[in-house]
Amino acid sequence: MQNFMQELLARIKSSAEYIQKRINVQPEIGLILGSGLGDLADEIEDAVRLKYEDIPLFPVSRVEGHAGCLVIGKLNGKIVCAMQGRFHYYEGYSISEVTYGVRTMKLLGINKLIITNAAGGANKKFKPGDLMIITDHINNMGTNPLIGDNLDIFGPRFPDLTFAYDREYIKETLKIAKKIDIKVQTGVYCANTGPSYETPAEIKMMRRWGADAVGMSTVPEVIAAAHAGMRVLGITCITNMASGILDQELTHTEVMETSKRVKEKFKSLVKKVLEIM
Ligand code: HPA
């Protein structure tokens, strides 16, 4: 295990070195863009775009037509480093590949992160199209990116997750949303591996656990970020009501349609919150 983690670190270091050589700015904020939000990266100015496949040892996208790009440049006055396309556990990536991007960002000197995703609403007060600021999470993925020898360069063996979702960011984001007249919810995000959606019985259980939204990403990245001492803001787009909440089937089409409908609102919020980070 020691070898594995040391090799992983060496791999991340060489990816970060390659990226560093291709930029002449210091990115301050990392962005992980979830379903439907990828084209926010197209708004980045003076952008250096690096395809994942061109970054040595960076995981590569397995889905055709989903190139995957790291985009570094200016967005609303801040120097950001955006992952356009993320690696999901359900695609068959290892948990260290899922968190590879976050750790690469850390080595690039980034200590602030915005993570976005799409999820099903488990809270009956939510509606598809709502945005939810993540206040906490439940890791129901059955794994953890920190398993194995601890990489001390990032953080401690037993990192605290009490403040994994930065309180100040949550507070300021709520203020901004109010100011620009975007309605937002707050709540707990529960991550499952997917790719099957949850069953109604599982959703009933997760609601009792305290879940407000359920999805298939984000939690591994947030754990890796918190381990590395990064401040995180997580924003979810509720694309559908979770299984069994409504008497109807869940479809990927509904997920895509809702994220498309909400995209402009979502992008304005993300751009605006950069100002308080
Ligand atoms: N469950 C899990 N992941 C999701 C969902 C859901 O209902 N909607 C979008 N991503």
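Provided above is the structure to which this section pertains.
What you are looking at is a predicted structure, and each value in this text was computed from that prediction instead of being measured. Numbering of residues begins from 1 in every chain and follows the order in which that chain's sequence is written. Totals for whole chains, interfaces and linings use every residue, but because this is a predicted model, local features are given only for residues with pLDDT of at least 70 and side-chain atom pairs only at 80 or more, for both listing and counting. Hydrogen atoms and water are omitted, and side-chain values are computed over all heavy atoms in the structure.

Caption draft 1: Local environment of the pattern of salt bridges. Each salt bridge in this description consists of a side-chain nitrogen of Lys or Arg and a carboxyl oxygen of Asp or Glu lying within 4 Å of one another. Evaluated as defined, the whole model comprises twelve salt bridges. Note that Lys263 and Asp39 form a salt bridge whose closest N and O atoms lie 3.1 Å from each other. With a gap of 224 residues between them, Lys263 in helix H7 (residues 252–273) and Asp39 in the loop between strand S1 (29–33) and strand S2 (45–51) connect regions that are remote in the sequence. Burial classes: relative accessible area under 20% of the type maximum marks a residue as buried, over 50% as exposed, and values in between as partly exposed (1.4 Å probe, protein chains only). Asp39 gets classed as partly exposed once you look at its relative accessible area, which sits at 25%. Asp42 is the salt-bridge partner of Arg49, the closest N and O atoms lying 3.5 Å from each other. Sharing partners across several salt bridges, the network here consists of Asp39, Glu43, Lys263, Glu264, Lys267 and Lys271. Numbering goes from the N terminus for both helices and strands, where a helix is a DSSP run of H or I of at least four residues and a strand is a run of E of at least two.

Caption draft 2: Spatial organisation of the packing of helix H4 (residues 167–179) against H7. Here H4 crosses H7 at 125 degrees, and the two axes come no closer than 10 Å. Between H4 and H7, the angle falls in the class oblique. Crossing geometry of H4 relative to H7 is assigned as right-handed. Within the contact between the two elements, H4 uses Thr173, Ile176 and Ala177 and H7 uses Leu269, Lys272 and Val273. Under the convention adopted here, Pro, Cys and the residues Ala, Val, Leu, Ile, Met, Phe, Trp and Tyr are nonpolar, Asp, Glu, Lys and Arg are charged, and Gly plus all remaining residues are polar. By residue class, the composition of the contact of H4 with H7 is four nonpolar, one polar and one charged. Angles run from 0 to 180 degrees between N-to-C directions of axes, and those axes are lines fitted to C-alpha atoms, restricted for helices to the stretch in contact. Angle categories are assigned with fixed cut-offs, so that under 35 degrees is roughly parallel, over 145 is roughly antiparallel, 65 to 115 is roughly perpendicular, and the rest are oblique. Take the far helix as the reference: if the near one is turned anticlockwise from it by less than a right angle, the crossing is left-handed, and if turned clockwise, right-handed. Should any heavy atoms of two residues lie within 4.5 Å, those residues are considered in contact.

Caption draft 3: View of the pairing of strand S3 (residues 69–75). Most of S3 sits out of view: six of its seven residues are buried. Examined bridge by bridge, S2 and S3 share five bridges and lie antiparallel to one another. Pairing of Lys51 across the sheet is with Cys69, part of S3. The sheet contact formed by S3 and strand S4 (residues 78–84) spans seven bridges and is antiparallel. The partner of Val71 across the bridge, within S4, is Ala82. Strands are treated as partners if at least two bridges between them are detected by DSSP. Between S3 and S4, which pair antiparallel one after the other, the connecting turn spans two residues, and Asn76 there sits at a positive phi close to 45 degrees.

Caption draft 4: Representation of empty space enclosed by the protein in the model. Here a cavity denotes grid points, spaced 1 Å and computed from the protein atoms alone, that fit a 1.4 Å probe unable to get out, and a pocket denotes an open set having protein on both sides within 12 Å along at least 5 of 7 lines; residues with an atom within 4 Å of a point are the lining. Grid points are joined across faces, edges and corners, and a volume is the space filled by probe spheres set on the points. In total, this model carries one cavity of 30 Å³ or more according to the counting rule given. Approximately 40 Å³ is the volume found for the largest cavity. Lining the largest cavity are Ile32, Met83, Arg86, Phe87, Val98, Gly101, Val102 and Glu221. Looking at the lining of the largest cavity residue by residue, the class counts come to five nonpolar, one polar and two charged.

Caption draft 5: A look at the site of the ligand. Neighbouring residues are identified by heavy atoms, a residue being near a molecule or strand if any of them is within 4 Å of it. Taken together, Ala118, Ala119, Gly120, Tyr197, Glu198, Val214, Gly215, Met216, Thr239, Asn240, Leu250 and Val255 are the residues near the ligand. Think of a polar contact as two N or O atoms within 3.5 Å of one another; within protein, one of them needs to be a possible hydrogen donor and the other a possible acceptor, and neighboring residues in sequence only count if both atoms come from side chains. In this structure, a nitrogen atom belonging to the ligand sits 2.8 Å away from a side-chain N or O atom of Glu198. One of the side-chain nitrogen or oxygen atoms of Asn240 is found 2.7 Å away from a nitrogen atom of the ligand. Accessible surface is estimated by sampling points in the Shrake-Rupley manner with a 1.4 Å probe; for residues, cover comes only from the protein chains shown. The protein chains hide 95% of the 260 Å² of surface that the ligand would expose on its own. The cavity where the ligand resides is the largest pocket. When contributions to the shell around the ligand are tallied by element, the ones reaching two or more residues are strand S5 (112–121), strand S8 (213–215) and strand S9 (231–241). It is S5 that contributes the most residues to the shell around the ligand, three residues altogether. Residue composition of the shell around the ligand, grouped by class: seven nonpolar, four polar and one charged. More than half of a molecule's atoms lying within 2 Å of a cavity's or pocket's grid points is what places that molecule inside it.

Caption draft 6: Region of the structure containing the packing of aromatic side chains. Side-chain rings of Phe, Tyr and Trp, where Trp is taken by its six-membered ring, are said to pair if the distance between their centres is within 6.5 Å; with planes under 30 degrees apart they count as stacked, over 60 as edge-to-face, and otherwise as tilted. All chains considered together, the criterion is met by five aromatic pairs. Measuring from centroid to centroid gives 6.2 Å for Phe58 and Phe87, while their planes differ by 55 degrees, and the two rings are tilted. Residue Phe58 is located in the loop between S2 and S3, and its partner Phe87 is located in the loop between S4 and helix H2 (95–98); the two are separated by 29 residues in the primary sequence. As far as the burial class goes, Phe58 and Phe87 line up, both buried. Pairing Phe58 with Tyr100 gives two aromatic rings, centres 5.3 Å apart and planes at 85 degrees, and the pair type is edge-to-face. One end of the pair, Phe58, is in the loop between S2 and S3; the other, Tyr100, is in helix H3 (residues 100–107), and 42 residues separate them in sequence. The pair formed by Phe58 and Tyr100 is uniform in burial state, with each residue classed as buried. Following the ring pairs from residue to residue traces out a cluster consisting of Tyr52, Phe58, Phe87, Tyr93 and Tyr100. The cationic tip of Arg22 hangs over the ring face of Tyr18; the distance from NZ or CZ to the ring centre is 3.7 Å. Put simply, a charge is over a ring when the Lys NZ or the Arg CZ is close to the ring centre, within 6 Å, and near the line of the ring normal, within 35 degrees.

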